[in-house]
2 protein chains.
Amino acid sequence: MQQDQPQAKEQVILAAARKRFAYYGFSKVTMDEIASDVGLAKPSLYYYFPTKEKLFRAVIGHEQEKFTRDIELMLKKEAPAGQKLREYVDMRIRLFRELVNLSALGVQSWAEVSSIFGDLFTRLEEQELKLLHAVLLAGKGTGELELVNPAQTAKLILHVLHGLRVRTFSTARPPHVENGTYADLKKDSDHLIDLLLKGMTRQSSH
Amino acid sequence: MQQDQPQAKEQVILAAARKRFAYYGFSKVTMDEIASDVGLAKPSLYYYFPTKEKLFRAVIGHEQEKFTRDIELMLKKEAPAGQKLREYVDMRIRLFRELVNLSALGVQSWAEVSSIFGDLFTRLEEQELKLLHAVLLAGKGTGELELVNPAQTAKLILHVLHGLRVRTFSTARPPHVENGTYADLKKDSDHLIDLLLKGMTRQSSH
DNA sequence: CTTCGACTATTTTACCTAACAAGTCGAAAA
DNA sequence: TTTTCGACTTGTTAGGTAAAATAGTCGAAG
(Lines give C-alpha, C1' and ligand atoms only; values in the text may rest on other atoms or scores of the structure.)
Protein backbone atom coordinates (compact mmCIF):
# COMPACT_ATOMS: atom_id res chain seq x y z
CA MET A 1 0.00 0.00 0.00
CA GLN A 2 2.94 2.35 0.48
CA GLN A 3 3.35 2.60 -3.29
CA ASP A 4 0.07 4.42 -3.58
CA GLN A 5 0.38 8.01 -4.67
CA PRO A 6 -0.27 10.30 -1.73
CA GLN A 7 -2.21 12.59 -3.99
CA ALA A 8 -4.69 9.83 -4.71
CA LYS A 9 -5.40 9.40 -1.01
CA GLU A 10 -5.81 13.14 -0.62
CA GLN A 11 -8.29 13.21 -3.45
CA VAL A 12 -10.28 10.42 -1.88
CA ILE A 13 -10.40 12.28 1.42
CA LEU A 14 -11.31 15.54 -0.30
CA ALA A 15 -14.13 13.89 -2.20
CA ALA A 16 -15.57 12.35 0.93
CA ALA A 17 -15.20 15.57 2.87
CA ARG A 18 -16.70 17.60 0.08
CA LYS A 19 -19.75 15.39 0.01
CA ARG A 20 -20.35 15.54 3.74
CA PHE A 21 -19.64 19.26 4.11
CA ALA A 22 -22.04 19.98 1.27
CA TYR A 23 -24.85 17.98 2.83
CA TYR A 24 -24.48 18.69 6.51
CA GLY A 25 -22.39 21.84 6.65
CA PHE A 26 -18.94 22.40 8.08
CA SER A 27 -19.75 22.33 11.77
CA LYS A 28 -21.96 19.26 11.77
CA VAL A 29 -19.46 16.98 10.04
CA THR A 30 -16.92 15.20 12.21
CA MET A 31 -13.50 14.06 11.20
CA ASP A 32 -14.41 10.62 12.48
CA GLU A 33 -17.22 10.42 9.94
CA ILE A 34 -15.00 11.39 7.04
CA ALA A 35 -12.35 8.95 8.19
CA SER A 36 -14.88 6.18 8.33
CA ASP A 37 -16.13 7.11 4.88
CA VAL A 38 -12.66 6.56 3.40
CA GLY A 39 -11.81 3.54 5.54
CA LEU A 40 -9.22 5.18 7.73
CA ALA A 41 -8.89 6.12 11.36
CA LYS A 42 -9.22 9.76 12.30
CA PRO A 43 -5.51 10.39 13.05
CA SER A 44 -4.75 9.30 9.49
CA LEU A 45 -6.75 12.23 8.19
CA TYR A 46 -4.47 14.52 10.12
CA TYR A 47 -1.53 12.98 8.33
CA TYR A 48 -2.85 14.54 5.11
CA PHE A 49 -4.63 17.61 6.43
CA PRO A 50 -3.33 19.23 9.62
CA THR A 51 -6.70 20.64 10.72
CA LYS A 52 -10.37 20.35 9.89
CA GLU A 53 -10.30 23.97 8.78
CA LYS A 54 -7.52 23.27 6.29
CA LEU A 55 -9.44 20.32 4.94
CA PHE A 56 -12.44 22.54 4.38
CA ARG A 57 -10.27 25.20 2.79
CA ALA A 58 -8.87 22.58 0.44
CA VAL A 59 -12.41 21.53 -0.47
CA ILE A 60 -13.30 25.14 -1.19
CA GLY A 61 -10.07 25.63 -3.11
CA HIS A 62 -10.92 22.77 -5.43
CA GLU A 63 -14.46 23.97 -5.96
CA GLN A 64 -13.22 27.46 -6.69
CA GLU A 65 -10.71 26.18 -9.24
CA LYS A 66 -13.45 24.36 -11.07
CA PHE A 67 -15.73 27.38 -10.90
CA THR A 68 -13.11 29.72 -12.28
CA ARG A 69 -11.80 27.29 -14.86
CA ASP A 70 -15.22 26.53 -16.31
CA ILE A 71 -16.10 30.17 -16.58
CA GLU A 72 -12.75 31.11 -18.05
CA LEU A 73 -13.08 28.39 -20.67
CA MET A 74 -16.48 29.67 -21.63
CA LEU A 75 -15.29 33.26 -21.82
CA LYS A 76 -12.36 32.30 -24.06
CA LYS A 77 -14.67 31.45 -26.90
CA GLU A 78 -15.25 34.03 -29.55
CA ALA A 79 -18.63 35.61 -28.93
CA PRO A 80 -20.15 39.04 -28.35
CA ALA A 81 -19.81 40.36 -24.80
CA GLY A 82 -23.56 40.35 -24.36
CA GLN A 83 -23.80 36.69 -25.18
CA LYS A 84 -20.93 35.95 -22.84
CA LEU A 85 -22.66 37.80 -20.04
CA ARG A 86 -25.84 35.85 -20.55
CA GLU A 87 -23.99 32.57 -20.60
CA TYR A 88 -21.98 33.63 -17.58
CA VAL A 89 -25.09 34.32 -15.52
CA ASP A 90 -26.61 30.95 -16.32
CA MET A 91 -23.40 29.06 -15.86
CA ARG A 92 -22.88 30.80 -12.53
CA ILE A 93 -26.19 29.52 -11.23
CA ARG A 94 -25.43 26.01 -12.42
CA LEU A 95 -21.95 26.00 -10.93
CA PHE A 96 -23.09 27.31 -7.58
CA ARG A 97 -25.75 24.67 -7.56
CA GLU A 98 -23.15 22.00 -8.11
CA LEU A 99 -20.43 23.45 -5.90
CA VAL A 100 -22.49 23.61 -2.74
CA ASN A 101 -19.69 24.44 -0.34
CA LEU A 102 -18.50 27.31 -2.45
CA SER A 103 -22.04 28.54 -2.80
CA ALA A 104 -22.64 28.55 0.92
CA LEU A 105 -19.71 30.90 1.43
CA GLY A 106 -21.53 33.72 -0.23
CA VAL A 107 -24.96 33.03 1.10
CA GLN A 108 -23.99 33.09 4.75
CA SER A 109 -26.33 30.33 5.74
CA TRP A 110 -23.73 29.25 8.23
CA ALA A 111 -22.62 32.07 10.42
CA GLU A 112 -19.46 30.39 11.63
CA VAL A 113 -18.43 29.53 8.11
CA SER A 114 -18.75 33.09 7.01
CA SER A 115 -16.67 34.61 9.76
CA ILE A 116 -13.83 32.10 9.77
CA PHE A 117 -13.69 31.67 6.05
CA GLY A 118 -14.63 35.16 4.97
CA ASP A 119 -11.30 35.54 3.22
CA LEU A 120 -12.23 32.72 0.87
CA PHE A 121 -15.38 34.53 -0.15
CA THR A 122 -13.47 37.73 -0.69
CA ARG A 123 -11.03 35.92 -2.93
CA LEU A 124 -13.84 34.43 -4.98
CA GLU A 125 -15.37 37.86 -5.40
CA GLU A 126 -12.10 39.31 -6.57
CA GLN A 127 -11.67 36.56 -9.13
CA GLU A 128 -15.17 36.99 -10.47
CA LEU A 129 -14.73 40.74 -10.61
CA LYS A 130 -11.62 40.26 -12.71
CA LEU A 131 -13.35 37.98 -15.17
CA LEU A 132 -16.42 40.15 -15.46
CA HIS A 133 -14.41 43.30 -15.78
CA ALA A 134 -12.47 41.76 -18.64
CA VAL A 135 -15.68 40.90 -20.46
CA LEU A 136 -17.03 44.42 -20.07
CA LEU A 137 -13.75 45.96 -21.15
CA ALA A 138 -13.66 43.79 -24.22
CA GLY A 139 -17.25 44.70 -25.03
CA LYS A 140 -16.41 48.35 -24.66
CA GLY A 141 -13.30 47.93 -26.78
CA THR A 142 -15.23 46.44 -29.67
CA GLY A 143 -17.82 49.16 -29.34
CA GLU A 144 -20.50 46.67 -28.47
CA LEU A 145 -21.06 48.09 -24.99
CA GLU A 146 -21.32 51.68 -23.91
CA LEU A 147 -19.86 51.99 -20.44
CA VAL A 148 -18.64 54.94 -18.44
CA ASN A 149 -16.87 52.89 -15.82
CA PRO A 150 -16.58 49.16 -16.57
CA ALA A 151 -15.03 48.35 -13.19
CA GLN A 152 -17.92 49.96 -11.34
CA THR A 153 -20.45 48.25 -13.54
CA ALA A 154 -18.81 44.88 -13.06
CA LYS A 155 -18.91 45.40 -9.32
CA LEU A 156 -22.54 46.38 -9.43
CA ILE A 157 -23.50 43.34 -11.46
CA LEU A 158 -21.77 41.08 -8.97
CA HIS A 159 -23.45 42.78 -6.04
CA VAL A 160 -26.84 42.45 -7.64
CA LEU A 161 -26.37 38.81 -8.61
CA HIS A 162 -25.13 38.12 -5.11
CA GLY A 163 -28.13 39.86 -3.63
CA LEU A 164 -30.49 37.72 -5.68
CA ARG A 165 -28.75 34.61 -4.43
CA VAL A 166 -28.75 35.69 -0.80
CA ARG A 167 -32.45 36.52 -0.79
CA THR A 168 -33.25 33.34 -2.64
CA PHE A 169 -31.46 31.02 -0.25
CA SER A 170 -32.27 32.88 2.92
CA THR A 171 -34.78 30.29 4.01
CA ALA A 172 -33.46 27.03 2.60
CA ARG A 173 -29.83 26.08 2.42
CA PRO A 174 -28.53 24.08 -0.53
CA PRO A 175 -28.69 21.19 -1.10
CA HIS A 176 -32.10 21.28 0.59
CA VAL A 177 -33.57 23.54 -2.06
CA GLU A 178 -36.44 22.82 -4.38
CA ASN A 179 -36.11 22.98 -8.13
CA GLY A 180 -38.69 25.75 -8.30
CA THR A 181 -36.42 27.97 -6.25
CA TYR A 182 -33.62 27.57 -8.76
CA ALA A 183 -36.05 28.23 -11.58
CA ASP A 184 -37.14 31.49 -9.94
CA LEU A 185 -33.56 32.57 -9.45
CA LYS A 186 -32.74 31.82 -13.07
CA LYS A 187 -35.78 33.70 -14.26
CA ASP A 188 -34.87 36.80 -12.25
CA SER A 189 -31.22 36.60 -13.23
CA ASP A 190 -31.93 36.20 -16.93
CA HIS A 191 -34.48 38.98 -16.92
CA LEU A 192 -32.07 41.22 -15.09
CA ILE A 193 -29.13 40.66 -17.39
CA ASP A 194 -31.41 41.19 -20.40
CA LEU A 195 -32.46 44.56 -19.06
CA LEU A 196 -28.94 45.56 -18.07
CA LEU A 197 -27.61 44.61 -21.47
CA LYS A 198 -30.32 46.63 -23.08
CA GLY A 199 -29.04 49.63 -21.17
CA MET A 200 -25.41 48.93 -21.96
CA THR A 201 -25.61 47.95 -25.57
CA ARG A 202 -24.67 50.59 -28.08
CA GLN A 203 -27.61 51.39 -30.27
CA SER A 204 -27.28 50.51 -33.93
CA SER A 205 -28.03 53.33 -36.35
CA HIS A 206 -31.68 53.95 -37.13
CA MET B 1 -57.42 60.85 33.79
CA GLN B 2 -60.37 58.84 32.59
CA GLN B 3 -61.30 61.60 30.19
CA ASP B 4 -58.16 61.06 28.22
CA GLN B 5 -58.70 59.74 24.77
CA PRO B 6 -57.83 56.02 24.63
CA GLN B 7 -56.22 56.63 21.27
CA ALA B 8 -53.75 59.00 22.83
CA LYS B 9 -52.66 56.36 25.32
CA GLU B 10 -52.38 53.81 22.53
CA GLN B 11 -50.18 56.15 20.56
CA VAL B 12 -47.94 56.66 23.56
CA ILE B 13 -47.58 52.92 24.02
CA LEU B 14 -46.97 52.40 20.33
CA ALA B 15 -44.27 55.04 20.27
CA ALA B 16 -42.50 53.52 23.25
CA ALA B 17 -42.83 50.03 21.83
CA ARG B 18 -41.65 51.11 18.43
CA LYS B 19 -38.54 52.64 19.91
CA ARG B 20 -37.62 49.58 21.94
CA PHE B 21 -38.44 47.02 19.26
CA ALA B 22 -36.34 48.98 16.79
CA TYR B 23 -33.32 49.04 19.06
CA TYR B 24 -33.39 45.65 20.72
CA GLY B 25 -35.61 43.57 18.47
CA PHE B 26 -38.95 41.94 19.18
CA SER B 27 -37.82 39.07 21.34
CA LYS B 28 -35.48 41.01 23.61
CA VAL B 29 -38.00 43.64 24.61
CA THR B 30 -40.26 42.87 27.59
CA MET B 31 -43.71 44.20 28.19
CA ASP B 32 -42.52 45.32 31.63
CA GLU B 33 -39.96 47.59 30.01
CA ILE B 34 -42.47 49.20 27.68
CA ALA B 35 -44.90 49.63 30.56
CA SER B 36 -42.26 51.31 32.63
CA ASP B 37 -41.35 53.58 29.72
CA VAL B 38 -44.91 54.94 29.59
CA GLY B 39 -45.44 55.01 33.34
CA LEU B 40 -47.89 52.14 33.57
CA ALA B 41 -47.93 48.64 35.00
CA LYS B 42 -47.66 45.73 32.64
CA PRO B 43 -51.30 44.58 32.92
CA SER B 44 -52.33 48.03 31.70
CA LEU B 45 -50.58 47.37 28.42
CA TYR B 46 -52.77 44.33 27.94
CA TYR B 47 -55.80 46.57 28.37
CA TYR B 48 -54.85 48.29 25.09
CA PHE B 49 -53.11 45.48 23.25
CA PRO B 50 -54.18 41.89 23.99
CA THR B 51 -50.80 40.33 23.21
CA LYS B 52 -47.22 41.32 22.61
CA GLU B 53 -47.56 40.04 19.08
CA LYS B 54 -50.50 42.31 18.39
CA LEU B 55 -48.59 45.26 19.78
CA PHE B 56 -45.74 44.53 17.40
CA ARG B 57 -48.14 44.11 14.51
CA ALA B 58 -49.63 47.49 15.34
CA VAL B 59 -46.16 49.01 15.33
CA ILE B 60 -45.47 47.48 11.93
CA GLY B 61 -48.86 48.57 10.68
CA HIS B 62 -48.10 52.17 11.54
CA GLU B 63 -44.68 52.06 9.94
CA GLN B 64 -46.10 50.51 6.83
CA GLU B 65 -48.76 53.19 6.57
CA LYS B 66 -46.12 55.87 6.71
CA PHE B 67 -43.95 54.06 4.20
CA THR B 68 -46.78 53.66 1.72
CA ARG B 69 -48.20 57.12 2.27
CA ASP B 70 -44.90 58.90 1.74
CA ILE B 71 -44.19 56.99 -1.42
CA GLU B 72 -47.69 57.46 -2.75
CA LEU B 73 -47.46 61.20 -2.13
CA MET B 74 -44.22 61.37 -4.03
CA LEU B 75 -45.56 59.33 -6.91
CA LYS B 76 -48.64 61.54 -7.21
CA LYS B 77 -46.56 64.45 -8.39
CA GLU B 78 -46.29 65.10 -12.08
CA ALA B 79 -42.95 63.82 -13.28
CA PRO B 80 -41.52 61.40 -15.82
CA ALA B 81 -41.61 57.75 -14.76
CA GLY B 82 -37.81 57.58 -14.82
CA GLN B 83 -37.51 60.41 -12.36
CA LYS B 84 -40.14 58.84 -10.15
CA LEU B 85 -38.25 55.57 -10.15
CA ARG B 86 -35.05 57.29 -9.15
CA GLU B 87 -36.75 59.18 -6.37
CA TYR B 88 -38.52 56.03 -5.27
CA VAL B 89 -35.28 54.11 -4.90
CA ASP B 90 -33.70 56.82 -2.78
CA MET B 91 -36.80 57.41 -0.72
CA ARG B 92 -37.10 53.68 -0.13
CA ILE B 93 -33.64 53.54 1.38
CA ARG B 94 -34.36 56.56 3.58
CA LEU B 95 -37.70 55.20 4.76
CA PHE B 96 -36.34 51.79 5.58
CA ARG B 97 -33.56 53.45 7.50
CA GLU B 98 -36.10 55.36 9.54
CA LEU B 99 -38.66 52.60 9.91
CA VAL B 100 -36.37 50.06 11.46
CA ASN B 101 -38.99 47.51 12.45
CA LEU B 102 -40.47 47.45 8.99
CA SER B 103 -37.03 47.16 7.49
CA ALA B 104 -36.11 44.20 9.64
CA LEU B 105 -39.07 42.25 8.30
CA GLY B 106 -37.52 42.01 4.88
CA VAL B 107 -33.94 41.51 5.96
CA GLN B 108 -34.57 38.48 8.15
CA SER B 109 -32.07 39.48 10.76
CA TRP B 110 -34.39 38.02 13.34
CA ALA B 111 -35.39 34.51 12.46
CA GLU B 112 -38.38 34.36 14.77
CA VAL B 113 -39.71 37.66 13.50
CA SER B 114 -39.61 36.45 9.94
CA SER B 115 -41.49 33.24 10.52
CA ILE B 116 -44.24 34.59 12.79
CA PHE B 117 -44.69 37.81 10.95
CA GLY B 118 -43.98 36.66 7.42
CA ASP B 119 -47.48 37.67 6.36
CA LEU B 120 -46.65 41.26 7.14
CA PHE B 121 -43.66 41.16 4.83
CA THR B 122 -45.75 39.61 2.10
CA ARG B 123 -48.29 42.37 2.44
CA LEU B 124 -45.59 45.02 2.17
CA GLU B 125 -44.25 43.40 -0.95
CA GLU B 126 -47.67 43.35 -2.53
CA GLN B 127 -48.19 47.02 -1.79
CA GLU B 128 -44.86 48.00 -3.23
CA LEU B 129 -45.46 45.88 -6.28
CA LYS B 130 -48.73 47.70 -6.85
CA LEU B 131 -47.10 51.11 -6.63
CA LEU B 132 -44.17 50.21 -8.80
CA HIS B 133 -46.33 48.51 -11.35
CA ALA B 134 -48.46 51.63 -11.62
CA VAL B 135 -45.38 53.75 -12.30
CA LEU B 136 -44.15 51.42 -14.99
CA LEU B 137 -47.58 51.22 -16.58
CA ALA B 138 -47.83 54.99 -16.64
CA GLY B 139 -44.38 55.25 -18.16
CA LYS B 140 -45.35 52.76 -20.81
CA GLY B 141 -48.60 54.57 -21.46
CA THR B 142 -46.86 57.88 -22.14
CA GLY B 143 -44.35 56.10 -24.34
CA GLU B 144 -41.50 56.99 -22.02
CA LEU B 145 -40.71 53.39 -21.17
CA GLU B 146 -40.50 50.42 -23.44
CA LEU B 147 -41.69 47.36 -21.56
CA VAL B 148 -42.86 43.95 -22.65
CA ASN B 149 -44.32 42.98 -19.29
CA PRO B 150 -44.49 45.81 -16.72
CA ALA B 151 -45.70 43.48 -13.96
CA GLN B 152 -42.74 41.17 -14.41
CA THR B 153 -40.33 44.07 -14.55
CA ALA B 154 -41.79 45.61 -11.40
CA LYS B 155 -41.38 42.29 -9.64
CA LEU B 156 -37.81 41.98 -10.82
CA ILE B 157 -36.91 45.45 -9.64
CA LEU B 158 -38.32 44.71 -6.20
CA HIS B 159 -36.47 41.42 -6.01
CA VAL B 160 -33.22 43.06 -6.98
CA LEU B 161 -33.63 45.96 -4.57
CA HIS B 162 -34.53 43.51 -1.84
CA GLY B 163 -31.48 41.43 -2.64
CA LEU B 164 -29.21 44.45 -2.34
CA ARG B 165 -30.70 45.21 1.06
CA VAL B 166 -30.45 41.65 2.31
CA ARG B 167 -26.82 41.31 1.33
CA THR B 168 -26.02 44.71 2.75
CA PHE B 169 -27.50 44.07 6.17
CA SER B 170 -26.53 40.46 6.46
CA THR B 171 -23.81 41.21 8.99
CA ALA B 172 -25.14 44.20 10.93
CA ARG B 173 -28.72 44.78 11.92
CA PRO B 174 -30.17 48.26 11.87
CA PRO B 175 -29.91 50.47 13.85
CA HIS B 176 -26.39 49.19 14.48
CA VAL B 177 -25.25 50.05 10.98
CA GLU B 178 -22.57 52.48 9.93
CA ASN B 179 -23.21 55.38 7.62
CA GLY B 180 -20.78 53.99 5.09
CA THR B 181 -22.96 50.93 4.69
CA TYR B 182 -25.93 53.07 3.77
CA ALA B 183 -23.80 55.04 1.38
CA ASP B 184 -22.69 51.85 -0.38
CA LEU B 185 -26.27 50.66 -0.66
CA LYS B 186 -27.37 53.98 -2.11
CA LYS B 187 -24.54 53.95 -4.59
CA ASP B 188 -25.38 50.47 -5.83
CA SER B 189 -29.09 51.20 -5.92
CA ASP B 190 -28.68 54.46 -7.83
CA HIS B 191 -26.27 52.95 -10.28
CA LEU B 192 -28.59 50.01 -10.79
CA ILE B 193 -31.68 52.04 -11.45
CA ASP B 194 -29.73 54.26 -13.85
CA LEU B 195 -28.70 51.23 -15.85
CA LEU B 196 -32.15 49.66 -15.75
CA LEU B 197 -33.73 52.90 -16.89
CA LYS B 198 -31.28 53.10 -19.71
CA GLY B 199 -32.52 49.72 -20.83
CA MET B 200 -36.17 50.61 -20.44
CA THR B 201 -36.24 54.11 -21.82
CA ARG B 202 -37.48 54.52 -25.34
CA GLN B 203 -34.76 55.95 -27.51
CA SER B 204 -35.36 59.40 -28.91
CA SER B 205 -34.80 59.79 -32.62
CA HIS B 206 -31.22 60.32 -33.73
C1' DC C 1 -63.36 52.60 32.40
C1' DT C 2 -58.61 52.37 33.83
C1' DT C 3 -55.14 50.73 36.71
C1' DC C 4 -52.34 47.41 39.21
C1' DG C 5 -50.66 43.95 42.96
C1' DA C 6 -50.58 39.38 43.14
C1' DC C 7 -50.65 35.48 40.75
C1' DT C 8 -50.23 31.37 37.17
C1' DA C 9 -48.16 28.98 33.48
C1' DT C 10 -44.75 28.91 30.27
C1' DT C 11 -40.38 30.10 28.58
C1' DT C 12 -35.73 31.37 29.12
C1' DT C 13 -31.49 31.41 31.43
C1' DA C 14 -27.77 29.78 34.21
C1' DC C 15 -25.29 26.12 35.73
C1' DC C 16 -23.38 21.63 35.80
C1' DT C 17 -21.80 17.41 33.97
C1' DA C 18 -21.26 13.84 30.78
C1' DA C 19 -20.46 13.14 26.16
C1' DC C 20 -18.48 14.46 22.09
C1' DA C 21 -15.08 16.15 18.81
C1' DA C 22 -10.61 18.30 17.35
C1' DG C 23 -6.29 17.30 17.71
C1' DT C 24 -1.85 14.71 19.66
C1' DC C 25 1.53 11.08 20.51
C1' DG C 26 4.01 7.01 20.56
C1' DA C 27 4.25 2.75 18.54
C1' DA C 28 3.23 -0.65 15.12
C1' DA C 29 2.66 -1.99 10.40
C1' DA C 30 3.78 -1.60 5.64
C1' DT D 1 10.65 6.12 5.68
C1' DT D 2 5.87 6.47 5.27
C1' DT D 3 1.41 5.34 6.73
C1' DT D 4 -1.71 3.90 10.12
C1' DC D 5 -4.09 3.84 14.54
C1' DG D 6 -5.26 2.91 19.71
C1' DA D 7 -5.16 5.55 23.47
C1' DC D 8 -5.12 9.82 25.12
C1' DT D 9 -5.66 15.16 26.19
C1' DT D 10 -8.10 19.29 25.84
C1' DG D 11 -11.72 22.08 24.68
C1' DT D 12 -16.50 22.29 23.16
C1' DT D 13 -21.16 20.88 22.95
C1' DA D 14 -25.45 18.80 24.36
C1' DG D 15 -28.69 17.70 27.63
C1' DG D 16 -30.79 17.96 32.07
C1' DT D 17 -32.35 20.61 35.96
C1' DA D 18 -33.54 24.32 38.86
C1' DA D 19 -34.03 29.09 39.24
C1' DA D 20 -35.27 33.22 37.16
C1' DA D 21 -37.71 35.75 33.93
C1' DT D 22 -41.63 36.82 31.08
C1' DA D 23 -46.25 36.68 28.80
C1' DG D 24 -50.48 36.84 30.23
C1' DT D 25 -54.61 36.70 33.85
C1' DC D 26 -57.72 38.07 37.54
C1' DG D 27 -60.04 40.36 41.04
C1' DA D 28 -60.27 44.51 43.30
C1' DA D 29 -59.58 49.40 43.85
C1' DG D 30 -59.89 54.08 42.17
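Everything that follows concerns the structure shown earlier in this document.
Keep in mind the model is a prediction, meaning the values are calculated, not measured.

What am I meant to see in the relation of the copies chain B and chain A here?
Put simply, the two copies of the chain differ by a rotation about an axis and a shift along that axis. In screw terms, the move from chain B to chain A is a rotation of 180 degrees and a rise of 0.1 Å along the axis, fitting with an RMSD of 0.1 Å. Both copies of the chain, as the preceding transformation shows, are related through a two-fold rotation axis. When the interface residues of chain B are mapped onto chain A, 100% of them again fall at the interface, so both copies present the same face.

Please clarify how the interface of chain B and chain A should be interpreted in this entry.
One frequently used descriptor of interface size is the decrease in accessible area upon assembly of the parts. The interface is formed by 26 residues belonging to chain B together with 26 residues belonging to chain A. Roughly 2,400 Å² is buried in total at the junction of chain B and chain A, and carbon and sulfur atoms are behind 63% of that figure. Of all residues in chain B, the largest losses of buried area upon contact with chain A belong to Leu156, Arg167 and Leu195 of chain B, amounting jointly to 24% of the total for that side. Counting across the interface, chain B meets chain A through two salt bridges. A salt bridge links Glu125 of chain A to Arg167 of chain B, with the shortest nitrogen-to-oxygen separation between them at 3.9 Å. Counting across the chain B and chain A interface gives four residue pairs in polar contact (both at pLDDT 80 or more). For the side of chain B that touches chain A, the secondary structure elements donating two or more residues are helix 9 (150-168) and helix 10 (179-200) of chain B. It is helix 9 of chain B that contributes the most residues to the side of chain B that touches chain A, 10 residues altogether.

Looking at this structure, how should I read the protein's contact with DNA strand D?
Lining the immediate environment of DNA strand D, one finds 17 residues, of which Ala41 and Tyr47 of chain A together with Lys42, Tyr46 and Lys52 of chain B sit closest. Protein-proximal atoms of DNA strand D, defined as those within 4 Å of the protein, fall in sugar or phosphate at a share of 59%. Lys9 of chain A has a polar side-chain atom sitting 2.7 Å from a phosphate oxygen of DNA strand D. Mapped by element, the contributors of at least two residues to the surface near DNA strand D are helix 1 (6-24) and helix 3 (42-48) of chain A together with helix 3 (42-48) of chain B. Here the surface near DNA strand D takes four residues from helix 3 of chain A, the largest share from any one element. Among the residues forming the surface near DNA strand D, the class breakdown is 10 nonpolar, three polar and four charged.

Please clarify how the protein's contact with DNA strand C should be interpreted in this entry.
As a structural note, the neighbourhood of DNA strand C is formed by 19 residues, with Lys42 and Lys52 of chain A together with Lys9, Tyr47 and Tyr48 of chain B the closest of them. Within 4 Å of the protein, the contacting atoms of DNA strand C are drawn from sugar and phosphate to the extent of 61%. Between DNA strand C and the protein, one listed contact pairs a phosphate oxygen with a backbone N or O atom of Val29 of chain A at 3.3 Å. Between DNA strand C and Met31 of chain A, the relevant distance is 3.0 Å, taken from a phosphate oxygen to a main-chain nitrogen or oxygen of the residue. Looking at the surface near DNA strand C, the elements that each hand over two or more residues are helix 3 of chain A together with helix 1 (6-24) and helix 3 of chain B. The biggest single contributor to the surface near DNA strand C is helix 3 of chain B, with four residues. In terms of residue class, the surface near DNA strand C is made up of 11 nonpolar, four polar and four charged.

Would you mind showing me how to read the packing of helix 6 (residues 100-107) of chain B against helix 9 of chain B here?
Geometrically, a packed helix pair is captured by the angle between its two axes and the distance between the axes. Residue and element names in this part refer to chain B. Between helix 6 and helix 9, the shortest axis-to-axis distance is 9 Å and the interhelical angle comes to 100 degrees. Taken as axis vectors, helix 6 and helix 9 run roughly perpendicular relative to one another. Note on element contacts: helix 9 touches helix 6 through His162, Arg165 and Val166, opposite Ser103, Gly106 and Val107.

Would you explain helix 5 (residues 81-98) of chain A in this entry?
Because the α-helix completes a turn every 3.6 residues, residues three or four places apart line up on one side. All names here are of chain A. Here helix 5 contains 18 residues, and its C-alpha end-to-end distance of 25 Å stays within 8% of the 26 Å for a straight helix at 1.5 Å per residue. Of all the positions in helix 5, only Ala81, Gly82, Lys84, Leu85, Tyr88, Val89, Asp90, Met91, Arg92, Ile93, Leu95 and Phe96 are classed as buried. Its buried side turned inward, helix 5 meets helix 4 (52-76), helix 6 (100-107), helix 8 (118-141), helix 9 (150-168) and helix 10 (179-200).

What should I look at first to understand empty space enclosed by the protein in this one?
Summary: where empty space remains is shown by rolling a probe the size of a single water molecule over the atoms. Residues and elements named next belong to chain B. Within this structure, the stated rule accounts for five cavities of 30 Å³ or more. A volume near 70 Å³ is recorded for the largest cavity. Lining the largest cavity, in full, are Arg92, Phe96, Leu102, Gly106, Phe121, Leu124, Glu125, Glu128, Leu158, His162 and Arg165. Elements that contribute at least two residues to the lining of the largest cavity include exactly helix 5 (81-98), helix 6, helix 8 (118-141) and helix 9. A total of four residues in the lining of the largest cavity trace back to one element, the largest contributor, which is helix 8. Taken together, the residues of the lining of the largest cavity sort by class into five nonpolar, two polar and four charged.

Which parts of the structure should I look at to understand the pattern of salt bridges?
Pairing between side chains becomes possible if they bear opposite charge and their charged atoms approach one another. Per the counting criterion, the structure on display carries 24 salt bridges over all chains. Note that Arg18 of chain B and Glu63 of chain B form a salt bridge whose closest N and O atoms lie 2.7 Å from each other. With Arg18 of chain B in helix 1 and Glu63 of chain B in helix 4 (residues 52-76), this residue pair connects regions lying 45 residues apart in the sequence. Where salt bridges share partners, they join Arg20, Glu33 and Asp37 of chain A into one cluster.

Sorry if this is basic, but what is going on with the side chain of Thr68 of chain B here?
Tracing the chain through its elements places Thr68 of chain B in helix 4. The contacts of Thr68 of chain B, once residues within four sequence positions are left out, are Gln127 and Leu131 of chain B.

What am I meant to see in the packing of aromatic side chains here?
Per the counting criterion, the structure on display carries 18 aromatic pairs over all chains. Centre to centre, the rings of Phe67 of chain B and Phe96 of chain B are 4.9 Å apart; their planes meet at 35 degrees, and the pair counts as tilted. Placement of Phe67 of chain B in helix 4 and of Phe96 of chain B in helix 5 is noted, with a sequence separation of 29 residues between them. Residue class for Phe67 of chain B comes out buried when judged on its relative accessible area of 1%. We classify Phe96 of chain B as buried; its relative accessible area is 4%. Of the aromatic side chains, those joined through ring pairs into one cluster are Phe21, Phe26, Phe56 and Phe117 of chain A. Above the ring of Phe26 of chain A, the side-chain terminus of Lys52 of chain A is found at 4.7 Å from the ring centroid.

What counts as what
- Residues numbered from 1 in each chain as written.
- Chains lettered and ligands numbered in written order.
- Predicted model: local features only at pLDDT ≥ 70, side-chain atom pairs only at ≥ 80, totals over all residues.
- Heavy atoms only, no water.
- Least-squares fit on C-alpha atoms with pLDDT ≥ 70 in both.
- Contact = heavy atoms within 4.5 Å.
- Buried area = accessible area lost by both parts, 1.4 Å probe.
- Salt bridge = Lys/Arg side-chain N within 4 Å of Asp/Glu carboxyl O.
- Polar contact = N/O pair within 3.5 Å; in protein donor to acceptor, adjacent residues only side chain to side chain.
- Helix = DSSP H or I, 4+ residues; strand = E, 2+ residues; numbered from the N terminus.
- Near = heavy atom within 4 Å.
- Nonpolar A, V, L, I, M, F, W, Y, C, P; charged D, E, K, R; others polar.
- Axes fitted to C-alpha atoms, helices over the stretch in contact; angles between N-to-C directions.
- Parallel < 35°, antiparallel > 145°, perpendicular 65-115°, else oblique.
- Expected span 1.5 Å × (residues − 1).
- Buried < 20%, exposed > 50% of the residue type's maximum accessible area, 1.4 Å probe, protein only.
- 1 Å grid on protein atoms, 1.4 Å probe; cavity = no way out; pocket = protein on both sides within 12 Å on 5 of 7 lines; lining within 4 Å.
- Points joined across faces, edges and corners; volume = space filled by probe spheres on them.
- Phe/Tyr/Trp six-rings, centres within 6.5 Å; stacked < 30°, edge-to-face > 60°.
- Lys NZ or Arg CZ within 6 Å of the ring centre and 35° of its normal.

Shape is all these values report; function is a separate question.
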